[in-house]
Amino acid sequence: MFAFELRNWAEILGVGREKEVTAIKEKRLFIERKGETELFKERVIKDIEFEEEIKPEIIFITTKNPIGPVVKYYYQKFRENIPTLLISQNGICPIEDAKEALREIFERESEKIRLIRIILFNPLDKKEEGDKIFINYSLPIRIAMAKVSGPGNIEDIVEIFKKSNFEVFEFPQKEVKNLEFSKLILNLIGMAAASRGFSIEEGFKDKEIFKEEVKAIREFVKVVKISGGKFLNFPHYPVKLLTVFFNLPICFLSIFRKNLAKLISEGRERKPKDLDEIDYYNGAVVELGKKLKISTPINEKILKRVKEKLSERTLRI
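Note that the coordinates shown come from a computational prediction; the quantities given were computed from them, not determined experimentally.

Points about the environment of Arg196
Positionally, Arg196 belongs in the loop between helix 7 (191-194) and helix 8 (200-205). Sequence separation between Arg196 and Arg305 is 109 residues; the distance between their C-alpha atoms is 7.8 Å. In this structure, Arg196 is in contact with Ile209, Glu212, Arg305 and Lys309, ignoring residues within four places of it in sequence. Among the polar contacts made by the side chain of Arg196, one reaches the main-chain carbonyl oxygen of Ala192 at a distance of 3.4 Å.

Okay, structure coming up:
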């Protein structure tokens, strides 16, 4: 998605695993947006083909968590003219994982590498029909962005995205962690339902599942506030208002649960929740709670349920 949308304002070299690269080279990968389908034609190489001679100005990592090994794989090839690093992973640990990987390679010099955090709001969907792969998303693409560390500002990066018709919400460096907290609350909504195999609309119809959804959010809000963090509002995504709303009595919230489910589902374009990164959703809440010595039993329950579901899926495969 990013490579496709940025192609007119940046020279893009895509790097991926053999399966994805083969699909692109065999013209089997398609982009679906604005009701139209278009073949993905960008220049790509396999990750094992990425050599020191390739000298990008920016490395934009869009792989799933964990990000540390990926950062280390690419950045160990550089000793000078270190590229800016953009990371867009879900959760509240990608920044620390990336910084730790850079420290392993460059030690104190790692602080001189410009690191930028990007938060993506648009849901994506991937489907396969026969041997063809379709990536579906809506426009405009909305992202939040903030500099984590390194020299200068991020105006050059912001400009590239804006020229590519992204809606960019820029935040100051001091709000980076709060940016991650605020996005995670959006990721958490619907996980209790998804852990049982239900969509948000299906799950919210059930009073007990809805109650679990609310309690899981409340646990997260509690640990964030005790950690010294806070929640930020984004255009189109009033996260601060959501935290207030979910703190109302559950008996009162239940009256609006169907309307709320419809609103959230439409915002997500009814795309299914991804359970594969549960360690970086509810698992992140549990880990933060442990660090602060705060109990998070509801998130632990959801985490355990999903782990069991994923384990069963692996055994069937």
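Digging into helix 13 (residues 282-291)
Burial within helix 13 is extensive, with seven of its ten residues counted as buried. Just downstream of helix 13, Lys293 is the residue with a positive phi angle, here 60°.

A word on unusual backbone geometry
Across the junction of Asn65 and Pro66, the peptide omega takes the value 0°, indicating a cis bond. Mapped onto the fold, Pro66 is located in the loop between strand 5 (58-61) and helix 3 (68-75). The linkage connecting Leu139 with the following residue, Pro140, adopts the cis geometry, with an omega of 0°. Topologically, Pro140 is positioned in the loop between strand 9 (132-136) and strand 10 (142-149).

Points about the confidence of the model for the chain
Per-residue confidence for the chain gives a mean pLDDT of 92; residues scoring 70 or more make up 98%. Least confident of the elements in the chain is helix 12 (residues 257-267), whose mean pLDDT is 81; most confident is strand 6 (residues 84-87), at 98.

Description of the sheet that holds strand 6
Spatially, five strands are ordered 5-6-7-10-11 in an open sheet, and the strand pairing comes out mixed. Whereas interior strands pair on both sides, the edge strands pair on one side only; in this sheet they are strand 5 and strand 11 (167-170). Strand-to-strand twist of the sheet, defined as the mean angle between neighbouring strand axes without regard to direction, takes the value 25°. Across four bridges, strand 10 lies against strand 11 in parallel orientation. Within the sheet, the bridge partner assigned to Arg142 lies in strand 11 and is Glu167. Running at roughly 155° to strand 5, helix 3 makes contact with strand 5 and strand 6 of the sheet. Together, strand 5, strand 6, strand 7 (115-120), strand 10 and strand 11 form the strand contacts of helix 5 (residues 155-163), whose direction differs from that of strand 11 by roughly 155°.

Thresholds applied
- Residues numbered from 1 in each chain as written.
- Predicted model: local features only at pLDDT ≥ 70, side-chain atom pairs only at ≥ 80, totals over all residues.
- Heavy atoms only, no water.
- Helix = DSSP H or I, 4+ residues; strand = E, 2+ residues; numbered from the N terminus.
- Contact = heavy atoms within 4.5 Å.
- Polar contact = N/O pair within 3.5 Å; in protein donor to acceptor, adjacent residues only side chain to side chain.
- Buried < 20%, exposed > 50% of the residue type's maximum accessible area, 1.4 Å probe, protein only.
- pLDDT = per-residue confidence, 0-100.
- Pairing = 2+ DSSP bridges.
- Axes fitted to C-alpha atoms, helices over the stretch in contact; angles between N-to-C directions.

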